[in-house]
Amino acid sequence: MKTLKFKTNIKCDGCIAKVTPHLNAVQGIDHWKVDLTSPDKVLEVKTENVKAEEVSEALGKAGYKGETI
């Protein structure tokens with residue numbers, strides 16, 4: 001299993017609620033979480049085969065940005 005990390009513009013629990021259906025819809029994501037205490041609001045995604053571009057695209061559909069770190 002690999003871990004993908006993204007710097008995001010997700011700022012609060014409401015933002016997380018907005019991205020949840022988009023990230024949950026990506027086949028192959030086993031688990032994800034956002035560290036709201038981090039200055040970079042890091043999204044961590046655990047997966048076997050999902051590409052970073054797929055996660056960024058799902059964030060974009062929800063109206064957020066994700067930059068691979």
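Quantities reported herein were computed from a predicted structural model and do not represent experimental measurements. Along every chain, residues carry numbers that run from 1 in the direction the sequence is written. Only residues with pLDDT of 70 or above have their local features reported here, since the model is predicted, and side-chain atom pairs are shown and tallied only from 80 upward, although totals for entire chains, interfaces and linings are computed over all residues. Where side-chain values are given, they derive from all heavy atoms of the structure, hydrogens and water being excluded.

**Comments concerning the overall build of the chain**
Note the cut-off: Runs of E in the DSSP output that reach at least two residues are strands. Runs of H or I that reach at least four are helices, and both are numbered from the N terminus. Only the C-alpha atoms count toward the radius of gyration. The rule for a globule is 2.2 Å times the residue count to the power 0.38. Working definition: with a 1.4 Å probe on protein chains only, accessible area under 20% of the residue-type maximum means buried, over 50% means exposed, and in between means partly exposed. Pairs of residues are marked as contacts when any of their non-hydrogen atoms sit within 4.5 Å. For accessible areas, the Shrake-Rupley method is used with a probe of radius 1.4 Å. Any residue's cover is judged against the shown protein chains and nothing else. Only four residue types enter the tally: Lys and Arg on the positive side, Asp and Glu on the negative side; His and the chain ends are excluded. One atom stands in for each charge, and that atom is NZ of Lys, CZ of Arg, CG of Asp or CD of Glu.
Of regular secondary structure, the chain possesses two helices and four strands. The C-alpha atoms of the chain give a radius of gyration of 11 Å, which matches the 11 Å a tight globule of 69 residues would have. For the chain, the spread of C-alpha atoms along the principal axes amounts to about 25 × 20 × 15 Å. Split into buried and exposed, the 69 residues of the chain put 38% on the buried side. Restricting to contacts in the chain with at least 6 residues of sequence separation, those with at least 24 account for 62%. Accessible surface, the chain as shown: approximately 4200 Å² in total, 50% of it carbon and sulfur. If you average the places of the 11 positive and of the 10 negative side-chain charges in the chain, the two averages end up 4 Å apart.

**Some points on the sheet that holds strand β1 (residues 2-8)**
Rules: Here, strands pair whenever DSSP counts at least two bridges between them. Lines fitted to C-alpha atoms define the axes here, with helix axes fitted over just the stretch in contact, and angles between the N-to-C directions of these axes take values from 0 to 180 degrees.
With antiparallel pairing, four strands are arranged side by side in an open sheet as β2-β3-β1-β4. Pairing within the sheet leaves two strands with one partner each, and these edge strands are β2 (29-35) and β4 (66-68). When strand polarity is set aside, the average angle formed by the axes of neighbouring strands in this sheet is 30°. Sheet analysis places β2 next to strand β3 (residues 42-47), joined by six bridges and oriented antiparallel. Bridge pairing in β3 places V34 opposite L43. Sitting on the sheet, helix α1 (residues 13-24) is in contact with β2 and β3, with an inclination near 160° to β2. Its contacts with the sheet place helix α2 (residues 52-61) against β1, β2, β3 and β4, and it is angled at close to 40° to β1.

**Some remarks on the packing of α1 against α2**
In a packed pair of helices, the relevant descriptors are the angle between the two axes and the axis-to-axis distance. Rule in force here: When an angle is under 35 degrees it counts as roughly parallel; over 145 it counts as roughly antiparallel; between 65 and 115 it counts as roughly perpendicular; any other value is oblique. The handedness criterion is simple: a crossing whose near helix is rotated anticlockwise from the far helix by less than a right angle is left-handed, and one whose near helix is rotated clockwise is right-handed. The classification used treats Ala, Val, Leu, Ile, Met, Phe, Trp, Tyr, Cys and Pro as nonpolar, Asp, Glu, Lys and Arg as charged, and all other residues, Gly among them, as polar.
Packing of α1 against α2 leaves a shortest axis separation of 8 Å and a crossing angle of 135°. When the interaxial angle is binned, α1 and α2 end up oblique. Between α1 and α2 lies a crossing whose hand is right-handed. Contact with α1, carried on its side by V19, H22 and L23, involves V55, A58, L59 and K61 of α2 and no other residues of that element. Looking at the contact of α1 with α2, its residues break down into five nonpolar, one polar and one charged.

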